[in-house]
Amino acid sequence: MTLLLMAAGRGSRYGKLKQFDDLGPQGEFLMEFSMYDAIENGFDHIVVITQKANIDFLKEHMAGRLPEGVKFDVVSQELTDLPASSTFEGQREKPWGTAHAVWSARNVIKGPFAVINADDYYGKSAFEAASNFIKNSTDDTEFALMGYTLKDTLSEYGSVSRGVCKMDGDNNFISVDERLKLEKQGNVVKDTDTGLEFSGEELVSMNFWVCRPSFFDYVENEFEVFLKDEDRIKNSELYLPIVIQDMYAEDKANVRVVPANSNWFGVTYSEDRQFAVDQLQEMTQNNGYKTPLWN
C-alpha cells in the first residue's frame, strides 16, 4: 500500500512553504506524522509530490528516518508533464491542479494508494480505516473518501474551503459540494458566500482519498481533453475531487465515504501554526508518538 502526499503547493495564505515547517517537538514536518501513522498501519511505500526545487532537500531531510523496508520516492509536478499525444505551447505559472499532481506519480505507484495533503494532520484512526478498506477490497473500481466532521475542521482565524459530502443512506458517495468560505457563527457553520447554514455535523472531505491505479488512465484522458480547451488551459485546474466525482458519474468508480473517526488540524493561516505545534507536543507527551519520531 502506498501513501501519496501532495506537497507542491506554495502556501500563499500561510506566508511560507508550510509543508516544510518544523512543527514537531524535534523539528519534524507535519507530513512526517502522517507517514508514521500510515507505516504503523501497513503502508510500505511513501511518495511525495513536490516542486522540482524541493526534491533534493526533501530526500536529504528524510534520509535514514523511515524504517527499513519502506520505499520512499519524491516526484515533481511539472507543467511539461503531459500525455504523450498532447502539447502545450502557451504561458502558465500555476500547476495543472491536484488531479495532475497525483497523475505525476503514475510511474512509481502500481497498486492501491491513499492520497493526502502534506500540510494537514489526519489522525491515526483515519489511516487504520484507510488500511482496512484497502485490505478488504480487491476491486479496481472501489475508491474511498475519508470523511471528517465539519465542525472539527474549522479555523479560528478565517474562513475555510470545505467539500461537504453528499451520500446515500449506505454512506456511498454521491458528490462533494465545494463551499469556499465557511465560518463558525454561533451554533452553526455559515457559508458567507451564499448565506447557507450547516449544523457542523456534516461529513466533509479533507482530501484524504483511497484510489486505485485505474485513476491514472482516467486522468490522462481527462487531461487530454482539458489541454484542447483554450479557455480552461489559461487558468483552470484539474481538481482531484472533481475527477473522482466524474469517475463516479460515469460508473468508473464506486466511492465509499468512510468516517475517519479522528481529529484533524491544518495550517491554512500563519496563526494556525502554534495550535499545530501545541497539538503535536501534547500527543507526543501522551505517548501518541515517540520523540524524536524516527529512531
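All of these numbers come straight from a predicted model, not from anything done at the bench.

## Looking at the packing of aromatic side chains
Counted by the stated rule, this structure contains 21 aromatic pairs. Geometrically, the ring pair formed by Phe127 and Phe208 is tilted, given 5.1 Å between the ring centres and 50 degrees between the ring planes. Within this pair, whereas Phe127 is found in helix α4 (residues 124-135), its partner Phe208 is found in strand β11 (residues 203-211), the two being separated by 81 residues in sequence. Phe208 shares its class with Phe127; the two are buried. Through a chain of ring-to-ring contacts, three or more aromatic side chains come together here, namely Phe33, Tyr36, Tyr121, Phe265, Phe275, Tyr289 and Trp294. Residue placement shows Arg106 over the ring face of Trp103; its charged tip is 3.5 Å from the ring centre.

## So, the confidence of the model for the protein
On average, residues of the protein score 91 in pLDDT, and 97% of them reach the 70 mark or higher. Segment residues 12-16 is flagged for pLDDT under 50; beyond a separation of four residues in sequence, or across chains, it makes 14 contacts in the model.

## So, the packing of helix α5 (residues 214-226) against helix α7 (residues 240-249)
Running from amino to carboxyl end, α5 crosses α7 at an angle of 100 degrees, the nearest separation of the two axes being 11 Å. Taken together, the axes of α5 and α7 lie roughly perpendicular to each other. Packed against α5, whose contacting residues are Ser214, Phe215, Tyr218, Val219 and Glu222, the element α7 presents Leu240, Val243, Ile244, Asp246 and Met247 at the interface. The residue makeup of the contact of α5 with α7, split by class, is 7 nonpolar, 1 polar and 2 charged.

## Structural notes on helix α2 (residues 55-62)
Buried residues of α2: Ile55, Leu58, His61 and Met62, and no others. One side of α2 holds all its buried residues, which, seen down the axis, span an arc of 135 degrees. Among the exposed residues of α2, those oriented more than 90 degrees off its buried face are Asp56 and Glu60. On its buried face, α2 is in contact with α1 (30-40), β2 (45-50) and β3 (71-76). Gly64 lies just past α2 and shows a positive phi near 80 degrees.

About the cut-offs
Residues numbered from 1 in each chain as written. Predicted model: local features only at pLDDT ≥ 70, side-chain atom pairs only at ≥ 80, totals over all residues. Heavy atoms only, no water. Phe/Tyr/Trp six-rings, centres within 6.5 Å; stacked < 30°, edge-to-face > 60°. Helix = DSSP H or I, 4+ residues; strand = E, 2+ residues; numbered from the N terminus. Buried < 20%, exposed > 50% of the residue type's maximum accessible area, 1.4 Å probe, protein only. Lys NZ or Arg CZ within 6 Å of the ring centre and 35° of its normal. pLDDT = per-residue confidence, 0-100. Contact = heavy atoms within 4.5 Å. Axes fitted to C-alpha atoms, helices over the stretch in contact; angles between N-to-C directions. Parallel < 35°, antiparallel > 145°, perpendicular 65-115°, else oblique. Nonpolar A, V, L, I, M, F, W, Y, C, P; charged D, E, K, R; others polar. Arc of directions from axis to C-beta.

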